[in-house]
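Spelled out, the chains give:
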Amino acid sequence: MPHLLEFKNVTKVFSRGLLSRTSTTALNNVSFTLNENEPTIVTVAGESGSGKTTLAMLLLGFLTPSSGRILYQGQDIHQLRGDDRMAFRREVQAVFQDPFAVFNPFYTVDHLLSVPIDRFKLAKTKAQARNKMEEALNAVGLRPEDVLGRFPHQLSGGQRQRINVARALVLKPKLLVADEPVSMVDASLRANILETLRDMQRDFGVSILYITHDLTTAYHVAKSIIVLYRGSVMEAGDVDSVIKRPQHPYTRLLIDSIPWPDINRRWGETEIKAKEMDLADHSAGCRFYARCPFAMEKCKIQPPLFRLQPTQAALCYLHEQYPQIAPEKLTELLPV
Ligand code: SF4
């Protein structure tokens, strides 16, 4: 059976204008797969500029890879035509950071939810359409009578983001790309929305690619994690190992910068001190070279991925005593 989604050695390079010879590699040789019959939640984590949003845009078909391929159920997403293309558009949905962006202030919630139902001809009657809306709203923990008929300004940020999730759910998706879905929502509502995503995966069999800069939410929502830095995978594996025992200097830096509840430890007091960001191009070698306190001469050559344990790997010469693993085998590390 083909995979639900397959990233095969995907690279995306942006050139800086027609007359410029400079370019930026936003994503560098990234491979992973999601299985159709094992719905899971995978986090793609990194700071701004890590390539995580480029990865989301590529997956949704809004950008084309510079090299490599993205397959959905075995077919290149840029070759899909007719019914296959419609199925991809329906089955792969997205929820973005800004819960306000998709709302037209002049339309009610009913309109927002009925547009996808009409577009994909999912209901024959108004009553059927209404049932589908109510089902989706109930599934995300909203009471239909509280939100249907309302305008956006009458809803809270948390309600709007749940309605965005309901809007995706109404289409019965197989894959949801959730790009920073809680970063603009009040902290008190984040846990509820993340719980809704987990319910979607468990109750409706939806695989979720959860994209975030926030490792604490990643820890609570996902089973596995891919950590990106300047477009390359730095570390990947099961979320428990990577977050509790990070092995790549970059991941350790990210984890150490999370504020701890220990009052004797000051916020920002990190075990690893990163060097000042140096934007000189070291692209031939390790992407973290310019900031890494452990950088060595050999790091000027691209390190391979080393498999530290069955479900954890890091792209770093500090672990060269371990066996190498090809980037295409990354999925073997990601538990479902
Ligand atoms: Fe640091 Fe070298 Fe490891 Fe890169 S490969 S993270 S520069 S030690």
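Coordinates for the structure precede this section.
1. Comments concerning the pattern of salt bridges
The full count for this structure, using the stated rule, is 16 salt bridges. Where R130 meets D110, a salt bridge forms, and the shortest distance between an N and an O atom there is 4.0 Å. Here the residue R130 occupies a position in helix α4 (residues 126-139), and D110 occupies one in helix α3 (residues 109-119), the gap between them amounting to 20 residues. A salt bridge links D199 to R202; the nearest nitrogen and oxygen atoms lie 2.9 Å apart. On the criterion of helical spacing, the pair formed by D199 and R202 is a turn pair, its members being 3 residues apart in helix α7 (residues 187-204). What emerges from the salt-bridge pattern is a single network uniting D110, R130 and E134.

2. Observations regarding the sheet that holds strand β2 (residues 23-34)
Sheets are built from strands paired through backbone hydrogen bonds, the pairs being either parallel or antiparallel. Spatial strand order, β2-β1-β4-β5: 4 strands in an open sheet with antiparallel pairing. For this open sheet the edge positions go to β2 and β5 (75-76), each flanked by a neighbour on one side alone. The strands touched by helix α1 (residues 52-59) are β1 (5-15), β2 and β4 (67-72); relative to β1, the strand with the most contacts, the crossing angle is about 115 degrees.

3. Focus: the packing of aromatic side chains
All told, the structure shown has 5 aromatic pairs when counted by the stated rule. Relative to Y250, the ring of Y229 has its centre 4.6 Å away and its plane inclined at 45 degrees; by these criteria the two rings are tilted. Here Y229 is found in strand β9 (residues 224-229), whereas its partner Y250 is found in helix α10 (residues 249-256), with 21 residues between them in sequence. Comparing Y229 with Y250 shows no difference in burial state: the two are buried. By way of ring pairs, the aromatic residues Y229, Y250 and F288 are connected into one cluster.

About the thresholds
In every chain, residue numbers begin from 1 and rise along the written sequence. Given that the model is predicted, a residue must reach a pLDDT of at least 70 before its local features are reported, and side-chain atom pairs must reach 80 or more before they are shown or counted; all residues, however, enter totals for whole chains, interfaces and linings. Computation of side-chain values covers all heavy atoms of the structure but excludes hydrogens and water. Note on definitions: salt bridges are taken to be side-chain nitrogens of Lys or Arg within 4 Å of carboxyl oxygens of Asp or Glu. In this description a helix means any DSSP run of H or I spanning at least four residues, a strand means any run of E spanning at least two, and both kinds are numbered starting from the N terminus. The rule for pairing is simple: two strands pair if DSSP sees at least two bridges between them. Only heavy atoms matter for contacts: two residues are in contact if any of them lie within 4.5 Å across the pair. Between the N-to-C directions of two axes lies an angle of 0 to 180 degrees, each axis being a line fitted to C-alpha atoms and, for a helix, fitted only over the stretch in contact. Pairing of aromatic side chains requires ring centres within 6.5 Å, counting the rings of Phe and Tyr and the six-membered ring of Trp. Pairs whose planes differ by under 30 degrees are stacked, by over 60 edge-to-face, and all others tilted. Note on exposure labels: buried denotes an accessible area under 20% of the residue type's maximum, exposed denotes more than 50%, and partly exposed covers the range between, all computed with a 1.4 Å probe on protein chains only.

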